[in-house]
Structures are given as C-alpha cells and as structure tokens.
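Here is how the chains run, residue by residue.
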Amino acid sequence: MLHRTFKDNTVVVTFKDSVYPFELVVEVLNEFKESCWVAIYGEDQTNFKVYIEPKDSSANVEIAYGEFFNYLLGLMRAADIK
Amino acid sequence: MSDEKPLQSFANIDLFADFALVKVNSKIFPLSIVVSAAYDLMDKGYFVIDGDPEKEMIVEVRLQDSNSQTSLLELAKEFNNQLINYAFYEIQSARTKGVREVITRAALFGQPEDVEMAESFDTDNRSSCEVCDTTENGDNCESSTINDGIDVDEIVDSFDFDDPEGIAIPWDEKYGKSSGE
C-alpha cells in the first residue's frame, strides 16, 4: 500500500508491503539524486518512506513525483516483474 | 546523543543549531553503506556514527567550516543522497558479481572454456611449494607439483590457447639452436 504527503514542495511516499521492490526504488532515487534531495528511511525494506525535494526550489515536486513512479514502472517492466 | 529539542525535523533529519542528526535504520542501510557515505563527505563535514549497528544508527553531522557556503541542512541532505548512491553501488555489485567472477577466472586461467578447470582448481589445498622455491622437505620445487599427482605443466598444456600471431611460442623454440641459428 502507498501513501503520499505533499508539503512545502517536498513529497514523502510511504511504501508498506507495496508492489515496488526496494532495490528498484533505490535505483530510481540514484538517478534522481542529481536534481533532487532524496532519502529513504523507515522500518525495513518492505515498510519504508521515500523523501523527494527538488534542489531547484522553482521546480514542481509533483512532476518529480510522477516521473519517479514512471521511472519505477520502466524498471519493473525491464526486470520483468510479474 | 542530544537532549536538546531540534529546531527543525523532517524525513530522517533533526536539525539543531550547530549540528544535525540523521537517523539510519540498519535494515535499510547497513553500517558499511553509512561508513562509505560519511567517508565520501568527510572533506565537507565531521561525521560521528552512534547507535546500534543492528537496529538504528544516528549520525551526527557537523560542518567543518562554519563560513562555508554549504549549509548544515544541505550537508545532511547530501549525506542522505550518498546513502542512496552507495546502496545502489552495492546492489549493482551483487547483480554483476557472477559476470565479474567469470571474467576474472577467464583472465587468470585462460579461455572461457577453461573456466571449468579453473573451478576444479582447489585453492585451499595448495602445497607449500607453490608459493616458495622449496618444499617442506627442503627439495627444490622443479616439478611444480600441486596436490600430489597434478602437474602445473599438464594444466597449462591442457589450456586451449588461441594464439594466431604465434606470440606464445617461447624464444628458444622459435629461434633456438634447434632451428639452426
């Protein structure tokens, strides 16, 4: 299950027993770290939170949020996750 | 680590006046990744790792130069980015481990088809003569024998070297007395 919270041009996405593998989330955030401040924290690799904040304050975090999940989708398809 | 109340808290960062605390769960990032991330940034700040490496670690972040343009908050955020960076590095290393082993074996033992022989080569049971010039009895190690009965020369001869330029032929064989020179 996923839960997201937008606040002050940042977003926190809570992953709790979600369909997204932890390794792929790390891979996407590794790509995002050039343009965003990112963090993963929480209990373990199935229950965790992802923090995303654009380094450029004029950039819209909702776009980063959408791109994050699209990138994740692409990696899942490439990894042939069923 | 600190009894003060943080000025600002968000994500896993507690920001104080002179330092920041970054909480890292070891089930998400093990100690090795935390150490690598801190090592990468040690020219910008001071990092003190506290807490339980089996449960939760608390990293105290302080700026080295209080006049620098980098703020304490930015340094703490950069530390989070580096955690992701090294976590991904470890994931990639695990993914490519098999490929790296095959390449290393092929480089050490010859062609890829020789890898099976390389795998059968028991590195744990090598005799002492392999690493020194004399055996335990003091005899010279001329025969290069490993593990009673397996000759190094036999192993080398059994490799199917691909040598189209003929550069693997020893000088003596190619230009020695037997060739009439």
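Residues numbered from 1 in each chain as written. Chains lettered and ligands numbered in written order. Predicted model: local features only at pLDDT ≥ 70, side-chain atom pairs only at ≥ 80, totals over all residues. Heavy atoms only, no water.

**A few points about the sheet that holds strand β2 (residues 10-16) of chain A**
By way of backbone hydrogen bonds, the strands of a sheet pair with one another, either parallel or antiparallel.
Working step 1: One open sheet holds the four strands; their spatial order is β1-β2-β4-β3 (chain A), and the pairing between them is antiparallel. If you trace the sheet from one side to the other, it starts and ends with β1 (2-7) and β3 (36-42) of chain A, each paired once. Shown here is a sheet whose adjacent strand axes are inclined to one another by a mean of 15°, direction ignored.
Working step 2: One ladder, built from six bridges, connects β2 of chain A with strand β4 (residues 47-54) of chain A; its direction is antiparallel. By the bridge assignment for β4 of chain A, V13 of chain A is matched with V50 of chain A.
Working step 3: Strands in contact with helix α2 (residues 61-78) of chain A are β1, β2, β3 and β4 of chain A; relative to β2 of chain A, the strand with the most contacts, it is inclined by about 35°.
Working step 4: Running at roughly 70° to β3 of chain A, helix α2 (residues 72-95) of chain B makes contact with β3 and β4 of chain A of the sheet. (Pairing = 2+ DSSP bridges. Helix = DSSP H or I, 4+ residues; strand = E, 2+ residues; numbered from the N terminus. Axes fitted to C-alpha atoms, helices over the stretch in contact; angles between N-to-C directions. Contact = heavy atoms within 4.5 Å.)

**Examining the interface of chain B and chain A**
Working step 1: Across the boundary between the two partners, chain B contributes 18 residues, which contact 22 residues of chain A.
Working step 2: Of the roughly 1,800 Å² buried at the junction of chain B and chain A (both faces included), carbon and sulfur atoms supply 63%.
Working step 3: Looking at the side of chain B facing chain A, the largest losses of area belong to I28, N81 and I84 of chain B, adding up to 33% of the total buried there.
Working step 4: Our count for the chain B to chain A interface comes out at two salt bridges.
Working step 5: At the junction of chain B with chain A, the criterion picks out eight residue pairs in polar contact (both at pLDDT 80 or more).
Working step 6: Per-element tally for the side of chain B that touches chain A: the top contributor is α2 of chain B, with eleven residues.
Working step 7: Partitioning the side of chain B that touches chain A into residue classes produces eight nonpolar, five polar and five charged. (Buried area = accessible area lost by both parts, 1.4 Å probe. Salt bridge = Lys/Arg side-chain N within 4 Å of Asp/Glu carboxyl O. Polar contact = N/O pair within 3.5 Å; in protein donor to acceptor, adjacent residues only side chain to side chain. Nonpolar A, V, L, I, M, F, W, Y, C, P; charged D, E, K, R; others polar.)

**Quick notes on the confidence of the model for chain A**
Working step 1: For chain A, per-residue confidence averages 91 on the pLDDT scale, and residues scoring 70 or more make up 99% of the total.
Working step 2: For chain A, the element scoring lowest by mean pLDDT is β1 of chain A, at 90; β3 of chain A scores highest, at 95. (pLDDT = per-residue confidence, 0-100.)

**Structural notes on the pairing of β4 of chain A**
Residue and element names in this part refer to chain A.
Working step 1: In terms of burial, β4 is largely enclosed, as seven of its eight residues are buried.
Working step 2: Taken together, the seven bridges between β3 and β4 define a ladder with antiparallel strand orientation. Residue pairing in the sheet places Y41 in a bridge with K49 of β4.
Working step 3: Between β3 and the antiparallel strand that follows it, β4, lie four residues. (Buried < 20%, exposed > 50% of the residue type's maximum accessible area, 1.4 Å probe, protein only.)

**Side note on the layout of surface pockets**
Working step 1: One number sums up the size of the largest pocket: a volume of about 280 Å³.
Working step 2: Lining the largest pocket are 13 residues; nearest its centre among them are K7, D8, T10 and Y51 of chain A together with F10 of chain B.
Working step 3: Elements supplying a minimum of two residues to the lining of the largest pocket: β1, β2 and β4 of chain A together with β1 (8-10) and α2 of chain B.
Working step 4: The element that contributes the greatest number of residues to the lining of the largest pocket is β1 of chain B, accounting for three residues.
Working step 5: Grouping the amino acids of the lining of the largest pocket by side-chain chemistry returns five nonpolar, four polar and four charged. (1 Å grid on protein atoms, 1.4 Å probe; cavity = no way out; pocket = protein on both sides within 12 Å on 5 of 7 lines; lining within 4 Å. Points joined across faces, edges and corners; volume = space filled by probe spheres on them.)

**Structural notes on the environment of F15 of chain A**
Residues and elements named next belong to chain A.
Working step 1: With respect to the helices, strands and loops of the structure, F15 is situated in strand β2.
Working step 2: Residue classification places F15 among the buried residues on the basis of a relative accessible area of 0%.
Working step 3: For F15 and H3, which are twelve residues apart along the polypeptide, the C-alpha to C-alpha distance reads 6.9 Å.
Working step 4: The residues contacting F15, other than those within four sequence positions of it, are M1, L2, Y20, V25, T46, N47, F48, V50, F68, F69 and L72.

**Remarks on the packing of helix α1 (residues 22-32) of chain A against α2 of chain A**
What describes two packed helices is the angle between their axes and the distance between those same axes.
All names here are of chain A.
Working step 1: For the pair α1 and α2, the least separation of the axes is 9 Å and the interaxial angle reads 130°. As judged from the angle between their axes, α1 and α2 are oblique. Pair α1 / α2 crosses with right-handed handedness. For the pair formed by α1 and α2, the contact residues are L24, V25, E27, V28, L29, E31 and F32 on the first element and A64, E67, F68, Y71, L72, L75 and M76 on the second.
Working step 2: A breakdown of the residues in the contact of α1 with α2 according to their chemical character gives eleven nonpolar, no polar and three charged. (Parallel < 35°, antiparallel > 145°, perpendicular 65-115°, else oblique. Left-handed = near helix turned anticlockwise from the far one by under 90°.)

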